[in-house]
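# Observations on chain architecture
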Amino acid sequence: MQAQQPGRYPPAAHGGAIGQPPPPGSTQTRQLYPQAGGHPPAPGQYSQNPHQPAVGMVTQGMANMQMANQQHANEAINILAERTVLPPQPSPFPKPPGNDFRAVTMANPDYVRSTLRVVPTTRQLLDTCRLPLGLLIQPFKQMPATEIPLIRHLVMVRCTGCRAYFNPFVSFLNSHQWQCNLCFRTNEVPDSFYQADPRAENHRTRPELKCCAVEYLAPREYTTRPPPPAAYVFVIEATAASQRVGLVETVSKILSKNLMSLPGDTRRQISIITYGRGVTFYAFKANAVQPQMYMVNDLEETGLPVPSADLGVNVEEFQDMLVEFFEQLPIVHQSTTESDNCLGSAIQAAFQLVSGLGGRVTVFQASMPNIGAGALKEADPATTKGPKLDASAGFYKEQSLEFNQNHAAVDVFGFGVKPLDLATTSGVCKFSSGQVYYYSDQDHPSMAQSGRFNRDLTHYLTRPIGFEAIMRLRCSYGVSIESFFGNFFHRGSDVLNMPNLNPDLTVGVQLTIEDTLPRKRPFISLQSAVLYTTHKGERRTRVTTIAIPTSANAMDVFDGADVEAVTLLVARMATSSAPTSLADAREGITTCMVDCLRSYQKSIAGQSPTMLLVPRSLSTLPLFFTGLLNLVSFSQSKSLLNDDRVYGLRLLDQLPVGQAMRFIYPCMYALHDLGEEHTTTRENVLHYSPTRLQASMVCLSPSGIYLLDAGITFYVWIGQSVANEVIIDLFDVESFAALPETQSYLPLLENPRSVAVNSFVKQLRRHSALHAPLFMVRADSQSSHRMLQRLVDDGDHGLQDYSYYNFLSRLHKASSGK
Amino acid sequence: MAGPLFFCAQLVDSAIQLFFTIYSIITLSDIECDYINAQECCKRLNQFVLPEMVLHGFFSILFLFTGNWILLALNLPLIVWHVFRYQKVSKGRLGVYDPTEIHNRANLRQFQREVYAKLGFHLILFFVYIYSLVVSLVGMANEA
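First, a word on scope: everything that follows refers to the structure included in this document. (Residues numbered from 1 in each chain as written. Chains lettered and ligands numbered in written order. Predicted model: local features only at pLDDT ≥ 70, side-chain atom pairs only at ≥ 80, totals over all residues. Heavy atoms only, no water.)

## Some details on the packing of helix H6 (residues 247-257) of chain A against helix H8 (residues 319-332) of chain A
Residues and elements named next belong to chain A. Taken N-terminus to C-terminus, the directions of H6 and H8 make an angle of 170°; their axes are 8 Å apart at the nearest point. Judged by the angle between their axes, H6 and H8 are roughly antiparallel. Residues Val-248, Glu-249, Ser-252, Leu-255 and Ser-256 of H6 form the contact with H8, whose participating residues are Val-323, Phe-326, Leu-329 and Pro-330. Tallied by class, the residues present in the contact of H6 with H8 amount to six nonpolar, two polar and one charged. (Axes fitted to C-alpha atoms, helices over the stretch in contact; angles between N-to-C directions. Helix = DSSP H or I, 4+ residues; strand = E, 2+ residues; numbered from the N terminus. Parallel < 35°, antiparallel > 145°, perpendicular 65-115°, else oblique. Contact = heavy atoms within 4.5 Å. Nonpolar A, V, L, I, M, F, W, Y, C, P; charged D, E, K, R; others polar.)

Here's what the structure looks like:
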C-alpha cells in the first residue's frame, strides 16, 4: 500500500512509525493525545500524570542499543532510519515525589514551560547533558478564574528570609510553622491566614496551597502611587510614504471603531500626534467645536505647545468630537508630499505626554527617520557586506530607558514600503516591554488596508493590558539565574521591569546550578511573582510556583527534556547574539545540537558509525533546529532585506510558545478529507484534530489540499488532481483550472466540508498573538514557491540552506567525528 | 634614562589606574549583589573608561621619549587591548557598559575577569616602577 504512494519514504524497519501520513481517502485518525484517551487534557486535569519520567530507570547496555528500535518511551532511536518523526504534545510538569503533593494542581504548560522536567543534581551533570536549563513563562496569559484563583482577603503569607510567597510546595512542620521551599527557612504561620477563611477544613485546600498559580489583590504597601488613568498616545506618520499605504486613513478608521473598547476605566485618555517634517499636536478643549492643531517645527528640543492636560483627551467626554476628528484626519493629510521623517523628535514629544503618568505609546512608521533627533542614514550598500542586524544609533535605546522610568511602553508598527532600519528603531520597544509589528511589501501591495493589519491593530487595542509591572523570579537554593531573554528591562539580578503587560508577552530565562543541589530535597522550586496594575486600577500580584523533581541520573534528564521549550530557549539565546554576529548565532545553534548528541552518545548510548542515536524525547530536536537554521531570522541567504531579518529575530522574542514553534516548524494538515472522524466535542464546541504531517513536499499528494500553519501565515496548497467535487465544495468553482492562481481568503460556503475547513482554521487562530493571513495557492502557480519555502524538511528552495537530511548527516559526521 | 621625578609621576599614574580598577571591581560586585541598579552602575563605569585609557596611553607614550624600551613594551599590550575594546563597541550600544545588557551573567563574568586581569597587571607595573624609581635614585646618589 505504501509503495504505491508517489515519493513516500520506505517504511521504517520496525514499522508503525508515528505520524505516517495516511493515504488520501483513508479514515485513519491519529491519536493526538494517546495518554489521555484521545482527548486533549482538559484544564485542571494535570493531576493525572501521563508523562511521569521513570526516575531511576536502568540504563541499557551496548547490545541493547543495536535493537534500539523498540518503542519504549525512554529508549534511544536511530534518527537516520526513522524518517517520519513528529513532535510530542506538551506534557505537564511531573509531580515532585511525596504524599503532600498529590492533590496539587500543577501549573498549566500553556503558560509556563521548563526545558528540563527533571533537573540534574549537580552542575557537572548539567554540563555533561549539554541541554540548557530554563523556563518560558507567559506571565499575563489570560486564564479562566478556575485555573488561576483570585484571592481577595489581602493576607499574603511570605517567607521572612527570601520573601517568597506561600505556595503548594512548602512543608508544614506543625500547624503553626512552615518551612520555605526556596530558602529552607522556618517561618510562623500568621493567625490572620487561618482567620481569612475559617470555613476551610484543611489548610491544604486553600487555593494558595493547592494551586500553583494564584493571583492576590495587593495591599496598599505594594503601590507606589495612586493608580494613574490609562493613557494611550498614538504617533502616526503623515508623509508621502505613509499615504502610499493608506496609513492615516486606516488607523483613523480602526481607532474610531474601537474607541470605547480601549481597556481602562472612565479616566482613560488618548492623545494623537502626527509627524512628518515637523510634529503636529491636536488639542481638544471642552468648549471648542473643533480640535486645535499645533505644528512644532523645532526638532532639537520638541516641547509641548500647550499643557499636556489639553492634549490628553478623555475618551468618554470627547467621544463624539473624537469620532469626527478621526473622519477629518485623513482628509487633512490626504495630499501631503512630505518626504522627511522626524520620528525621533516625535518620540520625544510622546515622552513629554506620558512622563509622570505612564501608559502606552504606539508608533506607526513607514519610512526611515532622516531629520531631527535620532536621524538615521540609509546604509551604503557598497560598504556594508552581510546583513546588518545591529542598531546603528543608541538614541532609541536611551529613549526606551527613559520611558521605562516613567512606566510607559512603546510599540512600533512598521510598514516596509522602503527600508525602515527596524534594527535601530525597534530598540525603543525592546527594553520598554513593547512589541514590533512589521508588514513587508511582499505581503500585500496596500498593506495598511489589508485585513491583517486591521485585525492585528484591533486585537492590539482591545486586548487586556497591565501597567507598571515588575516581575521577580526566585529560585530555590542551588539554582541561580543566568540571564533573561525577551522584551523588558532587566533591572536587577532577578527583577524585570515591564511598563506594559500584555497577554502575549513571554519571558525566557536561562538558569544554572551552582555546584550541587541540597541533597535533602528531591525537587527544586521556582517562583515568579508579577506585580501589576490592572486597567481598572487594581493592584494585583500573580504568583506562579513550579517544582521540578531532580535526579542524579543522566538518562532521566534526557528523558525529561521538553523539546519545544529547549528549541525556543536556544532560539532566544541565538537571537541575543545574532546582532553582533549572525555566523556565531548559527554556529551556536548547531554546536548546541552537536554537543548534546555527543554527550548523549558518550554517556549512555555509545557511538555507532551507521546510526545516529538520540533519546526518544529529543527525537524531534534536529527537526526543530533545522527549522531554526532555515528561518528568515538566521538565514544566510543574500537576498533578504535587513528589515525582514530583524523582524524575524524580534518575532522569536515576542511570540508565545505555541505560535513561535509553528513559526519555526510549520504544521501541515490534509484538508481534503477533514471530516467527522477527526472531531471531538469539548464543552459543546467541536474540536478538530486531523493528522499532522511532516512539512515536506513528500507529504503533498497532487490529489489533495493541504493547509500549512506557519505561525504567522497560513498557506493552503491545492494539488493538481484534486477531485472536482472537493473544489466545488470549498471554492465554488468548477474545477482546478478555474481557480485563481492565488487568493488571500478561504470562502465560507454552505456545505459541511467548507464549514469544517473554516471552523478548523478559526480554531487554529484562536489563541494567536498575531493574526496569520491565509494564502491559497495552486500547485502550478508561480507563487507556490512561497509556500514551498516554508517546507522545512526540504532544502534547495533559495531560502533554505539546510534540509533536514542534510542537517542530520552533518550532525552524524560531527558527533561521531572524534 | 629618566630621572626619579619622572618615575614618581609614573608611580602616581599607576596608583590612579589601580584606583580605577578597584572602583570598577567594587561597582561590579555591587551590581551582582543588587546594591545598585543597572543604570547607576553603568554610569559609574562608563565615566572612567575614557579617562583611564587616555591617562594610560599618555604616560606610556612618555616612555618613548625617555628611552625606557622595556617598560614601553610592558605597557603596549594594555594599550592594544584598550583600543580593541573601545572600537568593538558598536554604535547601537550606550557606551562600553550598556545598562540593558549588564545583567547578563555571562557578560558580568567577562567584565569581572577583565578587571581582575587589569588589577594584576597594574599591581605588577606598580612594583616595577618602584624598583625603577629606587634604581634611578641610587644612580643619582652614585653620581652625586
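## Quick look at helix H1 (residues 4-32) of chain B
Its 29 residues give H1 of chain B an end-to-end C-alpha distance of 42 Å, which sits within 8% of 42 Å, the value for a rise of 1.5 Å per residue. Asp-34 of chain B, located one to two residues past H1 of chain B, shows a positive phi value of around 65°. (Expected span 1.5 Å × (residues − 1).)

## Regarding the sheet that holds strand S19 (residues 479-485) of chain A
Residue and element names in this part refer to chain A. As summarised here, the arrangement of the four strands in space is S2-S4-S22-S19, forming an open sheet in which the pairing is antiparallel. Each edge of the open sheet is held by one strand with a lone partner, namely strand S2 (112-114) and S19. Between one strand axis and the next, the sheet turns through 20° on average, direction left out of account. Where strand S4 (residues 133-137) and strand S22 (residues 507-513) come together, five bridges link them in antiparallel fashion. Across the sheet, the residue bridging to Leu-136 is Gly-508, located in S22. (Pairing = 2+ DSSP bridges.)

## Description of the side chain of Thr-590 of chain A
With respect to the helices, strands and loops of the structure, Thr-590 of chain A is situated in helix H16 (residues 582-605). Not counting residues within four places of it along the chain, the set of residues in contact with Thr-590 of chain A comprises Leu-629 and Phe-807 of chain A.

## A few points about a nonpolar patch on the surface
On the surface, Leu-123, Phe-127, Ile-130, Val-134 and Val-138 of chain B cluster together into a nonpolar patch covering about 420 Å² of accessible area. Along the chain, the position of Leu-123 of chain B falls in helix H4 (residues 105-143). (Patch = residues over 30% accessible without salt bridge, like charges linked within 9 Å, V, L, I, M, F, W, Y side chains within 5 Å. Areas by Shrake-Rupley, 256 points an atom, 1.4 Å probe, with all protein chains shown as cover. Salt bridge = Lys/Arg side-chain N within 4 Å of Asp/Glu carboxyl O.)

## Examining the pairing of strand S31 (residues 714-718) of chain A
All names here are of chain A. Counting buried positions along S31 yields five of five residues, so the element is predominantly enclosed. Of the two faces of S31, both are covered, the one formed by Phe-714, Val-716 and Ile-718 as well as the one formed by Tyr-715 and Trp-717. With five bridges connecting them, strand S30 (residues 705-709) and S31 associate as antiparallel partners. When the sheet's bridge partners are listed, Asp-709 is paired in S31 with Phe-714. The antiparallel pairing of S30 with S31 creates a hairpin that spans four residues between the two strands, and Gly-711 there sits at a positive phi of about 80°. Pairing of S31 with strand S33 (residues 774-778), which is carried by five bridges, proceeds in the parallel orientation. Following the sheet pairing, Phe-714 is matched in S33 by Leu-774. (Buried < 20%, exposed > 50% of the residue type's maximum accessible area, 1.4 Å probe, protein only.)

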